Amino acid sequence: MKMANSSIIPIKFLILVALANICVSQDFDFFYFVQQWPSSSCDTKQGCCFPQTGKPASNFTVHGLWPNFNNGSFPSNCKSVENSFDESKMSDIVPRAETSWAAFSCPSKKKTNSTNSDNMKLWKHEWDKHGTCSHSVLHQHAYFDFTLNLKDHIDLLQILLNNGIKPDGKNYSVEKIRQVIKEAIGFKAGIRCNTDVSGNIQLNEIVLCVDKSAASRSFIECPVLPDANCPDNVEFPIF
Ligand code: 5GP
């Protein structure tokens, strides 16, 4: 009997390890790397507020790095004691994130003292909602560092400008936007649109997919593109 019990323990242990590995590998399938055009969020009913650092440059900013499943659904808010947001881990991230990952939403009216958006709140929100779900691959500092490196590596605005697509308030073909990004990066991009207060449909976000291992420069063909909510031609608004 004793012999049998002692051989069962390692088997149980191996099963647990195998189950843990399956759980980790099923966390998510790939990342959406989402960049947004600032004036598109400013043109909605809610308007927008600039960060304390002032009006950001006329360029795409990071919205987030979102773990996703191949079937189009996504995990969110995978908070646990080990991955709660730690502001102190952001110190060397802040200067870069202020430039490339700025917030535009206005603080709630109930709060005194501010017409400025709050970057740290956006970063905490993105970490809590999305980053916690890819914690097995990227811990908090690595998550922000990796995302900002992606942003530095891919200059979407330059790609569009090189092809005559400018933020000048005119309309451009969504297919053409997709095509020039595919030529420059090698992968199809997701294009997301929004509607301004006058009913114009605008270029809002450009989505690229990234391998779940988060190896450097690991863009991939999207297993599933985000919802196509754009007409054939969309406004590229001035910022
Ligand atoms: P929206 O309503 O603007 O499409 O999305 C609202 C929020 O939902 C986004 O800021 C993002 O946090 C999340 N979200 C929307 N679509 C997706 C998606 O396809 N994947 C993931 N991971 N998050 C998404």
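Quick caveat: nothing in here was measured; it's all calculated off a predicted structure. The residue count restarts for each chain, going from 1 along the sequence in the order it is written. Note on the predicted model: pLDDT of at least 70 is required for a residue's local features to be given, and 80 or more for side-chain atom pairs to be given and counted; whole-chain, interface and lining totals, by contrast, use all residues. Heavy atoms throughout the structure, all of them, feed into the side-chain values; hydrogens and water do not.

## Points about the environment of Pro56
Part 1 of the argument: If you trace the backbone, Pro56 turns up in the loop between helix H2 (38-42) and strand E2 (61-68).
Part 2 of the argument: Once the C-alpha coordinates of Pro56 and Ala102 are considered, the two residues, 46 residues apart in sequence, prove to be 7.5 Å apart.
Part 3 of the argument: Setting aside its immediate chain neighbours within four residues, Pro56 contacts Phe50, Pro51, Ala102, Phe104 and Phe239. Strands here are runs of E lasting at least two residues and helices are runs of H or I lasting at least four, both read from the DSSP assignment and numbered beginning at the N terminus. Throughout, a residue-residue contact means that at least one pair of heavy atoms, one from each residue, lies within 4.5 Å.

## With respect to the site of the ligand
Part 1 of the argument: The rule for a residue being near a molecule or strand is that one of its heavy atoms must lie within 4 Å of it. Every residue lining the ligand is accounted for by Tyr32, His63, Trp66, Pro67, Asn68, Phe74, Lys129, His130 and Arg192.
Part 2 of the argument: Side-chain atoms alone can form a polar contact between residues adjacent in sequence; in general such a contact is a pair of N or O atoms within 3.5 Å, and within protein one must be able to donate a hydrogen while the other accepts it. Note that an oxygen atom of the ligand is positioned 3.1 Å from one of the side-chain N or O atoms of Lys129.
Part 3 of the argument: Contact between the ligand and His130: an oxygen atom at 2.6 Å from a side-chain N or O atom of the residue.
Part 4 of the argument: Per-residue and other accessible areas were derived by the Shrake-Rupley procedure at a 1.4 Å probe size, with only the shown protein chains allowed to occlude residues. Summarising the interface, the protein chains cover 65% of the accessible area of the ligand, which totals 490 Å² for the free molecule.
Part 5 of the argument: In terms of residue count, E2 provides more of the shell around the ligand than any other element does, four residues in total.
Part 6 of the argument: Three categories are distinguished: nonpolar for Ala, Val, Leu, Ile, Met, Phe, Trp, Tyr, Cys and Pro, charged for Asp, Glu, Lys and Arg, and polar for the others, with Gly belonging to the last. The residue inventory of the shell around the ligand, partitioned by class, reads four nonpolar, three polar and two charged.

## Regarding the packing of aromatic side chains
Part 1 of the argument: Only Phe, Tyr and Trp rings are paired, with Trp represented by its six-membered ring, and only when their centres lie within 6.5 Å; those with planes under 30 degrees apart are stacked, over 60 edge-to-face, the remainder tilted. Within this structure, the stated rule accounts for 13 aromatic pairs.
Part 2 of the argument: Ring geometry for Tyr143 versus Phe144: centroids 5.2 Å apart, planes at 90°, classification edge-to-face. Of the two residues, Tyr143 and Phe144, both sit in the buried class.
Part 3 of the argument: Clustering of aromatic rings is evident, with ring pairs tying together Phe85, Trp101, Trp127, Tyr143 and Phe144.
Part 4 of the argument: A cation over an aromatic ring shows up here: Lys55 above the ring of Phe239, its NZ or CZ 4.6 Å from the ring centre.
Part 5 of the argument: Geometrically, a charge over a ring is one whose NZ (Lys) or CZ (Arg) sits within 6 Å of the ring centre while staying within 35 degrees of the ring normal. Against the face of Phe28 rests Lys212, its NZ or CZ located 5.1 Å from the ring centre. Using a 1.4 Å probe on the protein chains alone, a residue whose accessible area is under 20% of its type maximum counts as buried, one over 50% counts as exposed, and one in between counts as partly exposed.

## Let's talk about the state of the cysteines
Part 1 of the argument: Pairs of cysteine sulfur atoms within 2.5 Å are what we label disulfides. All told, the structure shown has five disulfides when counted by the stated rule.
Part 2 of the argument: Across the disulfide from Cys42 sits Cys48; the S-S distance is 2.1 Å. One disulfide, between Cys42 and Cys48, carries an S-S torsion of 75° and so falls in the right-handed class.
Part 3 of the argument: Under the relative-accessibility criterion, Cys42 is labelled buried at 18%.

## Let's talk about the nonpolar core
Part 1 of the argument: Counting 51 residues, the largest nonpolar core has Ile177, Ile181 and Ile206 as its most contacted members.
Part 2 of the argument: Setting aside its immediate chain neighbours within four residues, Ile181 contacts Leu156, Ile159, Leu160, Gly186, Phe187, Ala189, Ile206 and Leu208.
Part 3 of the argument: For our purposes a nonpolar core is just a set of buried Ala, Val, Leu, Ile, Met, Phe, Trp, Tyr and Cys residues, chained together by side-chain atoms within 4.5 Å. Formed by seven residues, the second largest nonpolar core is a distinct cluster that contains Phe30, Trp66, Val207 and Cys209.

## Examining the pairing of E2
Part 1 of the argument: Within E2, eight of the eight residues are buried, which leaves the element mostly enclosed by the surrounding structure.
Part 2 of the argument: The sheet contact formed by strand E1 (residues 30-36) and E2 spans seven bridges and is antiparallel. Bridging across to E2, Tyr32 finds its partner in Trp66. Here, any two strands with at least 2 DSSP bridges between them count as paired.

## Description of the pairing of E1
One face of the sheet, then the other: side chains in a regular strand alternate in exactly this way.
Part 1 of the argument: Burial runs high along E1: seven of the seven residues are buried.
Part 2 of the argument: Side-chain alternation along E1 places Phe30, Tyr32, Val34 and Gln36 on one buried face and Phe31, Phe33 and Gln35 on a second face that is also buried.
Part 3 of the argument: Here seven bridges tie E1 to strand E5 (residues 201-211), and the two strands are oriented antiparallel to one another. When the sheet's bridge partners are listed, Phe33 is paired in E5 with Leu208.

## Digging into the pattern of salt bridges
When the charged atoms of two side chains lie near each other, side chains of opposite charge can form a pair.
Part 1 of the argument: Note on definitions: salt bridges are taken to be side-chain nitrogens of Lys or Arg within 4 Å of carboxyl oxygens of Asp or Glu. All told, the structure shown has seven salt bridges when counted by the stated rule.
Part 2 of the argument: We note a salt bridge from Asp128 to Lys79, for which the minimum N-O separation is 4.0 Å. Placement of Asp128 in helix H4 (residues 119-129) and of Lys79 in the loop between E2 and helix H3 (94-100) is noted, with a sequence separation of 49 residues between them.
Part 3 of the argument: Judged by relative accessible area, Asp128 falls into the buried class, the value being 8%.

## Remarks on the side chain of Asp196
Part 1 of the argument: Along the chain, Asp196 falls in the loop between strand E4 (190-195) and E5.
Part 2 of the argument: A distance of 2.8 Å separates the side chain of Asp196 from the backbone nitrogen of Asn200, its partner in a polar contact.
Part 3 of the argument: Ignoring anything within four residues of it in the chain, the contact list for Asp196 reads Asp43, Gln202 and Glu235.

Honestly, it's all geometry; don't read function into it.
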